[in-house]
Amino acid sequence: MHINSIISIILCLISLELFSQTGGDNIYDFLNLTNSARVASLGGNNVSIKDNDLDLTFHNPSLLNSSMDNQLALNYVNYFADINYGYISYARDSKEHGTFAIGLHHINYGEFTETNNIGEITGQFNAAEYALNLIWSKPINSLFSFGINIKPIYSELEKYKSYGIAADAGVTYFNPDLQLSAALVLKNFGRQLTTYYENNSEPLPFEVQLGISKKLLHAPFRFSMLVHHLETYDLSFEEINDPEPTNSSEYSDTLIVKHGDKFFDNILRHMIFGVELLPTKNFSVRFGYNFKRRRELLITSKPGGAGLSWGVGFRISKFHFNYGRATYHLAGPSNHFSINTNLSDFYKKTK
């Protein structure tokens with residue numbers, strides 16, 4: 001595939017509609033939830049690790065490759081307030097036409113009590129959202145690959161329903177000799193096709209991400225850094241007007257910060273850091289730090305581990321198991337569980 005063809009595909013998809021909100025102003029925000037236990041333990045997002053983990057293609061479709069042929073991935077997340085979500089995906093490789101994968105992303109918000117305008121209980125209702133993931137990727141040359149993920153969306157919140165279409169597009173560079181990879185991803189560009197109420201169309205959570213990962217050649221470590229929300233410079237909250245400004249650089253519950261710190265604070269809000277310890281092929285330990293999550297969700301008096309995450313991965317027989325735990329605030333952490341297997345390993349070998 002020529003680079004001109006890739007640029008044309010991206011421009012056609014972007015022309016659907018672009019917005020630069022970072023949260024609270026869009027619909028279908030579940031699209032940004034992290035399914036993979038591995039990714040959750042690395043800070044909640046990663047687009048640049050290139051290996052045979054099918055779950056990574058949810059974050060960057062250009063990571064899909066032929067080593068994932070016939071792989072099945074299952075993910076479950078025990079979130080907050082009885083909210084559960086998950087992702088299931090399967091991949092097949094076509095030598096001539098690239099690698100294909102299909103996945104289903106689903107979130108269930110639980111059961112709610114329905115009342116009338118005077119508080120009388122009239123029944124129960126549910127809320128859930130779904131996104132089908134149709135992923136394709138193909139190498140451009142020995143170093144670069146391109147991929148795209150088309151995502152039809154269905155959302156049902158009580159009696160209100162909405163359909164939408166979104167897409168991700170990514171380009172990945174991987175140098176096996178240096179064990180260095182980098183990726184650029186455009187996420188969730190598209191539009192709402194049918195609205196919840198009348199013709200009040202709302203934007204999707206569009207985002208541009210840039211990531212880099214480096215595995216040390218003579219030590220069992222892989223370091224990753226993600227720069228997210230490149231489409232939006234200022235990720236901070238509006239500053240509270242204080243009639244008596246102080247010189248304190250401490251963050252309070254209202255997130256007031258010194259003017260001199262604003263630049264560095266905003267730069268760090270764009271960054272997520274992760275590290276993997278890889279002592280063997282069948283076992284790994286991971287840690288992550290999400291600066292934006294910590295700044296937005298910590299309570300100054302009890303900051304705890306807000307923004308920190310960790311996890312482990314191991315293989316037993318034909319199955320890869322991963323667990324990730326991400327701390328948000330005092331309300332508690334999220335627990336992520338992933339199982340991957342290659343169905344070809346179950347076939348009986350014949351002479």
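Sequence order as written defines the numbering, with residues in each chain counted from 1. Where local features are concerned, this predicted model is filtered to residues with pLDDT of at least 70; where side-chain atom pairs are given and counted, the filter is 80 or more; whole-chain, interface and lining totals use all residues. Each side-chain value is worked out from all heavy atoms of the structure, with water and hydrogens disregarded.

Some words on the overall build of the protein
Then step 1. A run of H or I in DSSP becomes a helix once it reaches four residues, and a run of E becomes a strand once it reaches two; helices and strands are each numbered from the N terminus. The helix and strand inventory of the protein stands at 4 helices and 14 strands.
Then step 2. Exposure classes here rest on a 1.4 Å probe applied to the protein chains alone. A residue is buried below 20% of its type maximum, exposed above 50%, and partly exposed in between. Counting across all 351 residues of the protein, residues that qualify as buried make up 44%.
Then step 3. A separation of at least 24 residues holds for 55% of the contacts in the protein among residues at least 6 apart in sequence.
Then step 4. The Shrake-Rupley method, run with a 1.4 Å probe, gives the accessible areas here. Residue values count only the displayed protein chains as cover. Summed over all atoms, the accessible surface of the protein reaches about 18,200 Å², with 59% contributed by carbon and sulfur. Residue contacts follow a heavy-atom distance rule, with two residues in contact if any of their heavy atoms lie within 4.5 Å.

A look at the confidence of the model for the protein
Then step 1. The quantity known as pLDDT measures the predictor's confidence residue by residue, on a range of 0 to 100. For the protein, the mean per-residue pLDDT works out to 87, and 85% of the residues sit at or above 70.
Then step 2. Counting contacts from residues 3-21, a segment whose pLDDT is below 50, to residues more than four positions away or on other chains yields 31 contacts.
Then step 3. Below a pLDDT of 50 lies the segment residues 239-256, which in the model reaches 22 contacts outside its immediate sequence neighbourhood of four places, other chains included.

Re the side chain of Asn 322
Then step 1. Position of Asn 322 relative to the elements: it lies in strand E13 (residues 319-329).
Then step 2. Pairs of N or O atoms are called polar contacts if they sit within 3.5 Å, as long as, within protein, a hydrogen donor faces a hydrogen acceptor (for residues adjacent in sequence, only side-chain-to-side-chain pairs). At 2.6 Å, the side chain of Asn 322 and the side chain of Arg 286 are in polar contact.
Then step 3. With residues near it in sequence (within four places) discarded, Asn 322 still touches Ala 37, Arg 38, Arg 286, Val 312, Gly 313, His 336, Phe 337 and Ser 338.

Notes on unusual backbone geometry
Then step 1. The phi dihedral of Asn 70 is positive, around 70 degrees, even though this residue is not glycine.
Then step 2. Position of Asn 70 among the secondary structure elements: in the loop between helix H2 (37-41) and strand E1 (71-78).
Then step 3. For Asn 70, a relative accessible area of 1% corresponds to the buried category.
Then step 4. The phi dihedral of Asp 82 is positive, around 65 degrees, even though this residue is not glycine.
Then step 5. Position of Asp 82 among the secondary structure elements: in the loop between E1 and strand E2 (84-94).
Then step 6. A residue is classified by how much of its surface remains accessible, and Asp 82, at 66% relative accessible area, is exposed.

A word on the pattern of salt bridges
Then step 1. Only one rule defines a salt bridge in this text: a Lys or Arg side-chain nitrogen within 4 Å of an Asp or Glu carboxyl oxygen. Per the stated rule, a full pass over the model turns up 11 salt bridges.
Then step 2. Across the pair Arg 38 and Asp 51 runs a salt bridge, and its minimum N-O distance is 2.8 Å. Residue Arg 38 is found in helix H2, and its partner Asp 51 is found in the loop between H2 and E1; the two are separated by 13 residues along the sequence.
Then step 3. The exposure class of Arg 38 is buried, given its relative accessible area of 6%.
Then step 4. Of the charged contacts in the structure, one is a salt bridge between Arg 92 and Asp 69, with a shortest N-O distance of 3.8 Å. Here Arg 92, found in strand E2, pairs with Asp 69, found in the loop between H2 and E1; they are 23 residues apart in sequence, far enough to count as distant.
Then step 5. Exposure remark for Arg 92: the relative accessible area of 42% places this residue in the partly exposed category.
Then step 6. The exposure class assigned to Asp 69 is partly exposed, which follows from its relative accessible area of 25%.
Then step 7. What you see here is one network of salt bridges that share partners, running through Arg 38, Asp 51, Asp 53, Arg 222, Glu 276 and Arg 286.

Regarding the nonpolar core
Then step 1. Within the largest apolar cluster, 14 residues are counted, with the highest numbers of intra-cluster contacts made by Tyr 28, Phe 30, Leu 31, Ile 107 and Ile 153.
Then step 2. If sequence neighbours within four positions are ignored, Tyr 28 has contacts with Glu 129, Ile 153, Ser 155, Ser 162, Tyr 163, Gly 164, Gln 192, Thr 194, Tyr 196, Leu 204 and Pro 205. Residues belong to one nonpolar core when they are buried, are Ala, Val, Leu, Ile, Met, Phe, Trp, Tyr or Cys, and are joined through side-chain atoms within 4.5 Å.

What to know about the pairing of E2
Then step 1. Of the strand pairs in this sheet, E1 and E2 are connected by 7 bridges, and their pairing is antiparallel. The residue of E2 that forms the bridge with Leu 74 is Ile 88.
Then step 2. A pair of strands is considered paired only if DSSP assigns at least 2 bridges between the two. In this antiparallel pair of consecutive strands, E1 and E2, the connection spans 5 residues, and Ala 81 shows a positive phi of 50 degrees.
Then step 3. With 11 bridges joining them, E2 and strand E3 (residues 98-115) adopt antiparallel strand pairing. Pairing of Arg 92 across the sheet is with Phe 100, part of E3.
Then step 4. Counted along the chain from E2 to the antiparallel partner E3, the turn is 3 residues long.

Remarks on the packing of aromatic side chains
Then step 1. Here is the rule: rings of Phe, Tyr and Trp (six-membered ring for Trp) pair when centre to centre is within 6.5 Å. Planes less than 30 degrees apart are stacked, more than 60 are edge-to-face, and the remainder are tilted. Considering all chains together, one arrives at 19 aromatic pairs under this definition.
Then step 2. With centroids separated by 5.0 Å and ring planes inclined at 40 degrees, the aromatic side chains of Tyr 154 and Tyr 163 adopt a geometry described as tilted.
Then step 3. Using a relative accessible area of 44% as the deciding quantity, one classes Tyr 163 as partly exposed.
Then step 4. Cluster of aromatic residues (ring-pair linked, three or more members): Tyr 76, Trp 310, Tyr 323 and Phe 337.

Re helix H3 (residues 262-269)
Then step 1. Here H3 has its buried residues at Asp 265, Asn 266 and Arg 269. When H3 is viewed along its axis, its buried side chains cluster within an angular range of 95 degrees and face the same direction.
Then step 2. Buried positions along H3 lie against strand E10 (271-280) and helix H4 (291-297). It is the directions from the helix axis to the C-beta atoms that the arc portrays.

Observations concerning the environment of Ala 306
Then step 1. Summarising the element assignment, Ala 306 is placed in the loop between H4 and strand E12 (308-316).
Then step 2. On the basis of relative accessible area, Ala 306 is assigned to the buried category, the value being 1%.
Then step 3. Along the backbone, Ala 306 and Tyr 328 are 22 residues apart, and their C-alpha atoms lie at a distance of 4.7 Å.
Then step 4. Discounting residues that sit within four places of it in the chain, Ala 306 has contacts with Arg 294, Leu 298, Thr 327 and Tyr 328.

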